[in-house]
Amino acid sequence: MRAAYREPALRHGPPAGTATAPGGQPAPPAFRNPTGPLVDAFYLAQGRQFYDAGLIRARTLVLRGEDDFWSRPEDAELLGRHLTRAAEARVRTLPGASHYLHLERPGFGRDRLLAEVRDFLSG
């Protein structure tokens, strides 16, 4: 799973060694994140929705970290309620995990994220 996430995330960032890290060392590969998510978050905070989740028919897993400063519990719950046609819809909040739970060390969110995904995919 790590490789499946890492390769596409780094594909469009500057390659390793083309930038300089603090201290003058060559920088590792970088992840480039466009501002689109910020615009989406701005509109979502105003109660706007971008799509009809009722059109989703696939099994769907919605995960958020309990200590996520960006993802509000009510947003995940609302999404779960709107997944009316999904073959299955699970909404989970991972205790003690942050917004960056996919990047955290085991014991701080990533292990729980991977366990939830494995459980969902095996079900």
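Criteria and cut-off values
- The numbers attached to residues start from 1 for each chain and follow its sequence in the written order.
- Selection of residues for local features in this predicted model requires a pLDDT of at least 70, selection of side-chain atom pairs for listing and counting requires 80 or more, and totals for whole chains, interfaces and linings are taken over all residues.
- Note: side-chain values were computed over all heavy atoms of the structure, leaving out hydrogens and water.
- Note on conventions: DSSP H or I runs of at least 4 residues are helices, E runs of at least 2 residues are strands, and numbering of each starts at the N terminus.
- Buried means the residue's accessible area, taken with a 1.4 Å probe over protein chains only, is under 20% of the maximum for its type, while exposed means over 50%, and partly exposed covers the values in between.
- Note on contacts: a residue pair is in contact if any heavy atoms of the two residues lie within 4.5 Å.
- Shrake-Rupley sampling with a 1.4 Å probe provides the accessible areas, and residues are treated as covered by the protein chains on show and by no other component.
- Definition used for salt bridges: Asp or Glu carboxyl oxygen within 4 Å of a side-chain nitrogen of Lys or Arg.
- Strands pair, by our definition, only if DSSP identifies at least two bridges between them.
- Ring pairs are drawn from Phe, Tyr and Trp, using the six-membered ring of Trp, whenever the two centres fall within 6.5 Å, and their geometry is named by plane angle: stacked under 30 degrees, edge-to-face over 60, tilted for the rest.
- Excluding any residue in a salt bridge, patches collect residues exceeding 30% relative accessible area, merging like charges within 9 Å and nonpolar Val, Leu, Ile, Met, Phe, Trp and Tyr side chains within 5 Å.
- Multiply 1.5 Å by the residue count of a helix minus one, and that product is the helix's expected span.
- In this description, one arc is meant: the one made by directions from the helix axis to the C-beta atoms.
- The quantity known as pLDDT measures the predictor's confidence residue by residue, on a range of 0 to 100.

### A word on the overall build of the protein chain
- For the protein chain, the helix and strand inventory stands at four helices and two strands.
- In the protein chain, the succession of helices and strands from N to C terminus is α-α-β-α-β-α.
- In the protein chain, which comprises 123 residues, the share counted as buried stands at 21%.
- The contacts of the protein chain with a sequence gap of at least 6 include a subset with a gap of at least 24, amounting to 59%.
- Approximately 8,700 Å² of the protein chain is accessible, and the part contributed by carbon and sulfur atoms is 57%.

### What to know about the pattern of salt bridges
- Under the criterion given, the structure shown has seven salt bridges.
- Here Arg 72 ties to Glu 74 by a salt bridge, and the two come within 3.7 Å at their closest N and O atoms.
- A relative accessible area of 33% places Arg 72 in the partly exposed class.
- What makes Glu 74 partly exposed here is its relative accessible area of 42%.
- One network of salt bridges, with partners in common, ties together Arg 59, Glu 88, Arg 90 and Asp 119.

### Thoughts on the pairing of strand β1 (residues 60-65)
- Both β1 and strand β2 (residues 89-94) contribute to a ladder of six bridges, which runs parallel. Looking at β2, one finds that Gly 65 is bridged to Leu 94.

### What about the packing of aromatic side chains?
- If you walk through the whole model with that rule in mind, you get three aromatic pairs.
- Ring plane angle 80° and centroid distance 6.0 Å describe the contact between Phe 69 and Trp 70, whose orientation is recorded as edge-to-face.
- Classification of Trp 70 by relative accessible area gives partly exposed; the value is 43%.
- Geometrically, the ring pair formed by Phe 69 and Tyr 100 is tilted, given 6.0 Å between the ring centres and 45° between the ring planes.

### Brief notes about a nonpolar patch on the surface
- Judged by side-chain polarity, Leu 38, Phe 69, Trp 70, Tyr 100 and Leu 103 come together as a nonpolar surface patch covering roughly 570 Å² of accessible area.
- For Leu 38, the position within the fold is in helix α2 (residues 36-45).
- Judged by its relative accessible area of 49%, Leu 38 falls in the partly exposed class.

### Notes on helix α4 (residues 110-122)
- Look at α4: 18 Å from first C-alpha to last across 13 residues, which is about the 18 Å you get at 1.5 Å a residue.
- Residues Leu 113, Glu 116, Val 117 and Phe 120 constitute the buried set of α4. Down the axis of α4, the buried side of the element spans an arc of 95°, and every buried residue falls inside it. Facing away from the buried surface of α4 by more than 90 degrees, the exposed residues are Arg 118 and Ser 122.

### Some words on the confidence of the model for the protein chain
- Of all residues in the protein chain, 87% attain a pLDDT of 70 or more, and the chain-wide mean is 84.
- Per-element confidence in the protein chain is highest for β2, whose mean pLDDT is 96, and lowest for helix α1 (residues 2-11), whose mean pLDDT is 70.

### Observations concerning the environment of Glu 88
- With respect to the element layout, Glu 88 can be found in the loop between α3 (73-82) and β2.
- The exposure class of Glu 88 is partly exposed, given its relative accessible area of 24%.
- Beyond its immediate chain neighbours, meaning those up to four positions away, Glu 88 contacts Ala 58, Arg 59, Thr 60 and Phe 120.

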